[in-house]
Amino acid sequence: MNEEAARAAFETALSTYEQKFETFFLARLFGLEIAYTDETCVVEIPVADFMSNPQGSLHGGVIAFALDVSMGHLIKHRTGKAGITLEMKVQYMRPAMPGRVRCEGRFLRIGRTVSQMESRMTDAGGKLLAMATATWQMPQG
């Protein structure tokens, strides 16, 4: 593991985070870049070796985190308020290796109190690495 890069990522996160959407500590630690379209939230991650599992690919927990962020941030972007993940199922298709990955979160069904969403993670070549479907409690009031 590149310990210098891991320390630098931690120090950058510690000195630049704000406890709010897009800039919270874990988003800074993993270097998330977040953008929106009318219908999606795109989260891109530069995969570093300190994010790897023992097999050398991106850890499944980091993958689940990024998929979840892409959906939750879309709710906040659309409504101005935070939703709550009620459940999420992740399917891992192939390993995510060092490089850059992209998650694209979108609504499958928007409800008044509960919505269904999905997010897909792809590599730089567009290959599907993982996907999640989730049920979200929508913000009230």
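Residues numbered from 1 in each chain as written. Predicted model: local features only at pLDDT ≥ 70, side-chain atom pairs only at ≥ 80, totals over all residues. Heavy atoms only, no water.

Draft legend 1. Molecular detail of helix α1 (residues 3-16). For α1, built from 14 residues, the straight-helix expectation of 20 Å at 1.5 Å per residue is met to within 8% by its first-to-last C-alpha distance of 20 Å. All of the buried residues in α1 are Ala6, Ala9 and Ala13. Buried residues of α1 fall within an arc of 65° about the axis and therefore sit on the same side. Exposed residues pointing more than 90 degrees away from the buried face of α1 are listed as Glu4, Arg7 and Ser15. Tucked inside the fold, the buried residues of α1 contact α2 (25-29). Its side-chain oxygen placed 3.2 Å from the backbone nitrogen of Glu4, Asn2 serves as the N-cap of α1. (Helix = DSSP H or I, 4+ residues; strand = E, 2+ residues; numbered from the N terminus. Expected span 1.5 Å × (residues − 1). Buried < 20%, exposed > 50% of the residue type's maximum accessible area, 1.4 Å probe, protein only. Arc of directions from axis to C-beta. Contact = heavy atoms within 4.5 Å. Polar contact = N/O pair within 3.5 Å; in protein donor to acceptor, adjacent residues only side chain to side chain.)

Draft legend 2. Main features of the packing of aromatic side chains. Enumeration over the complete set of coordinates arrives at four aromatic pairs. Geometrically, the ring pair formed by Phe10 and Phe25 is edge-to-face, given 5.6 Å between the ring centres and 75° between the ring planes. With a gap of 15 residues between them, Phe10 in helix α1 and Phe25 in helix α2 connect regions that are remote in the sequence. Cluster of aromatic residues (ring-pair linked, three or more members): Phe10, Tyr17 and Phe25. (Phe/Tyr/Trp six-rings, centres within 6.5 Å; stacked < 30°, edge-to-face > 60°.)

Draft legend 3. Expanded view of the nonpolar core. The biggest cluster of nonpolar side chains holds 35 residues, and the ones touching the most others in it are Leu32, Val43, Leu58, Val101 and Met121. Mapped onto this core, the elements with two or more residues apiece are α1, α2, β2 (40-47), α3 (60-79), β4 (99-109), β5 (114-123) and β6 (128-137). In terms of residues, this core owes the most to one element, α3, which gives nine residues. Apart from the residues within four sequence positions on either side, Leu58 is in contact with Val47, Met51, Ser52, Asn53, Ile63, Ala96, Val101 and Met121. (Core = buried A, V, L, I, M, F, W, Y, C linked by side-chain atoms within 4.5 Å.)

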